[in-house]
Amino acid sequence: MNESFNKIPLYCRLAELIEEQINSGILKKGQMIPSERELCKIHGMSRITVRMAIDELVRQGKLEKIQGKGTFVLSKSIIQNLGNVYSFSKEMDKQGKISSNKIINRSIVSADAKIASHLGITEGEQVVFIERLRCAEDVAIMLEKTYFVKEKYEFLLNIDFSVKGLYKTLEEDYQIMINRAIETFKATELNTVECRLLNCPKKQYGLLVKRTSYSNDKIVCYSTIVSKGDVFEFTVKLES
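Since the structure is predicted, the reported quantities are computational estimates derived from the model, not experimental observations. (Residues numbered from 1 in each chain as written. Predicted model: local features only at pLDDT ≥ 70, side-chain atom pairs only at ≥ 80, totals over all residues. Heavy atoms only, no water.)

J.: Go over the packing of aromatic side chains, please, and point to the residues and values.
T.: For the structure on display, the rule yields five aromatic pairs. Ring geometry for Tyr147 and Tyr222: centres 6.3 Å apart, planes at 20°, overall stacked. Taken as a pair, Tyr147 in strand β6 (residues 139-149) and Tyr222 in strand β9 (residues 218-228) lie far apart in primary sequence, 75 residues in all. An angle of 50° between the planes, with centres 5.9 Å apart, marks the rings of Tyr153 and Phe155 as tilted. Classification of Tyr153 by relative accessible area gives buried; the value is 8%. Of the residues examined, Phe155 reaches a relative accessible area of 23% and is grouped as partly exposed. Among the aromatic residues, those joined into a cluster by ring pairs are Phe148, Tyr153, Phe155 and Tyr174. Across from the ring centre of Tyr214, 4.0 Å away, lies the NZ or CZ of Arg180, which sits over that ring. (Phe/Tyr/Trp six-rings, centres within 6.5 Å; stacked < 30°, edge-to-face > 60°. Helix = DSSP H or I, 4+ residues; strand = E, 2+ residues; numbered from the N terminus. Buried < 20%, exposed > 50% of the residue type's maximum accessible area, 1.4 Å probe, protein only. Lys NZ or Arg CZ within 6 Å of the ring centre and 35° of its normal.)

Structural data, given as structure tokens:
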């Protein structure tokens, strides 16, 4: 073991060793890692050191603690090509991940100035608000809030999205095909509610996506999406 490695704090060294086991496939996605007590015996480290190493890997999105069950290896990042309009469910199918949604809120709200601007309506006009927790392999990965003009999309209040996804419902049942979108990306600090729903430590940074979706030239909806910073890997194809 070289001198520089010896200077690294013990918990960082343990975190690196566990991460190497994840990257090499010794610890596989979804697998429960040894308990804190077992890791103490294996590596000859204190419970505090082991806990700090695990907390660091949880913060990085490598591990996930599930109350009453243990600590598990998280799946690898989800790769998303930005060159095309994409559907979360379809992308999960392509990558062999099982997707699911949990409705957090579905209601009628008044559009504030920002939402009204994105939807091309007047401030205070009523909109359908749908807040969903998007999951891959039963792991919550992003929180999506979507707004539709009530006058055109009030029917969305009565649809069971556990049977068929939101955008698939629009496409197959109402022939509303989203074929264009404008997105902006920025880093953001997740708030307390977002951290709780995404099962991550407080004060974690993530990615905020703002998306306006169109069917041809007509605005369909406006969405804000937050995810843990290490969940998505975005790629863009550039051509001269």
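J.: Kindly report on helix α8 (residues 166-174), identifying the contributing residues and their values.
T.: Of the residues making up α8, those classed as buried are Leu166, Tyr167, Thr169 and Leu170. All buried residues of α8 fall inside an arc of 160° around its axis, so they share one side. Looking at the buried residues of α8, the elements they touch are β5 (126-136), β6, α7 (150-153) and β9. Positioned one or two residues after α8, Gln175 has a phi angle of 55°, which is positive. (Arc of directions from axis to C-beta. Contact = heavy atoms within 4.5 Å.)

These figures come from the coordinates and say nothing about function on their own.
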